[in-house]
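# Observations on chain architecture
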Amino acid sequence: MKEAPGYGVLRIVHSFASMMVPSFWGDNVYGSIAWGDEQIENYTYNFTHNYLPNKSYEVAIETWNSTGFQLNTLEGIEIIDVSGYVMN
């Protein structure tokens with residue numbers, strides 16, 4: 001089976017009360033976001049998710065057709081794992 005172009009998984013551990021999904025670059029980027037609180041949604045540009053305060057969450061963002069990404073802030077982020085994110 002052939003690998004999909006621009007496939008990758010970006011993982012972020014954070015302690016935000018509200019998190020805006022990173023901006024992904026590419027042509028027709030799509031994917032899903034596992035917010036770390038048992039909620040999963042389709043990737044949408046500039047989408048924000050609210051959390052219970054004073055807790056850490058691990059977000060996994062799975063994308064296709066992505067050639068890069070940009071985080072809105074590093075404050076409140078504990079870990080950024082790009083080991084599963086491959087840019088084609």
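Described below are features of the structure shown in this document. (Residues numbered from 1 in each chain as written. Predicted model: local features only at pLDDT ≥ 70, side-chain atom pairs only at ≥ 80, totals over all residues. Heavy atoms only, no water.)

## Focus on the packing of aromatic side chains
One pass over the full model with this rule turns up nine aromatic pairs. The structure contains a cluster of three or more aromatic residues connected by ring pairs, namely F24, Y43, F69 and Y85. (Phe/Tyr/Trp six-rings, centres within 6.5 Å; stacked < 30°, edge-to-face > 60°.)

## Structural notes on the pairing of strand 4 (residues 30-34)
Here strand 4 runs beside strand 7 (residues 57-64); their pairing, made up of five bridges, is antiparallel. Among the inter-strand pairings, Y30 is bridged to a residue of strand 7, identified as W64. (Pairing = 2+ DSSP bridges. Helix = DSSP H or I, 4+ residues; strand = E, 2+ residues; numbered from the N terminus.)

## What to know about the pairing of strand 7
Here seven bridges tie strand 1 (residues 8-14) to strand 7, and the two strands are oriented antiparallel to one another. Within strand 7, the position partnered with R11 by the bridge is A60.

## A look at unusual backbone geometry
Despite not being glycine, N28 has its phi angle at roughly 60°, a positive value. Among the secondary structure elements, N28 is positioned in the loop between strand 3 (23-25) and strand 4. In this structure N28 comes out as exposed when scored by relative accessible area, which is 59%. Even without being a glycine, E38 presents a positive backbone phi close to 75°. Its location among the elements puts E38 in the loop between strand 4 and strand 5 (40-42). For E38, a relative accessible area of 83% corresponds to the exposed category. (Buried < 20%, exposed > 50% of the residue type's maximum accessible area, 1.4 Å probe, protein only.)

## A short note on the nonpolar core
In this structure, M19, F24, I33, W35 and V59 are the most contacted members of the largest nonpolar core, which totals 16 residues. Elements represented by at least two residues in this core include exactly strand 1, strand 7 and strand 9 (77-85). Residue contributions to this core peak at three residues, all from strand 7. Sequence-distant contacts of M19, that is, excluding residues within four places in its chain, are made with I12, H14, W35, F47, T48, H49, Y51 and V59. (Core = buried A, V, L, I, M, F, W, Y, C linked by side-chain atoms within 4.5 Å. Contact = heavy atoms within 4.5 Å.)

## Observations concerning a nonpolar patch on the surface
Judged by side-chain polarity, L74, I80 and V82 come together as a nonpolar surface patch covering roughly 260 Å² of accessible area. Looking at the element boundaries, L74 is found in the loop between strand 8 (68-70) and strand 9. The exposed category is assigned to L74, whose relative accessible area is 58%. (Patch = residues over 30% accessible without salt bridge, like charges linked within 9 Å, V, L, I, M, F, W, Y side chains within 5 Å. Areas by Shrake-Rupley, 256 points an atom, 1.4 Å probe, with all protein chains shown as cover. Salt bridge = Lys/Arg side-chain N within 4 Å of Asp/Glu carboxyl O.)

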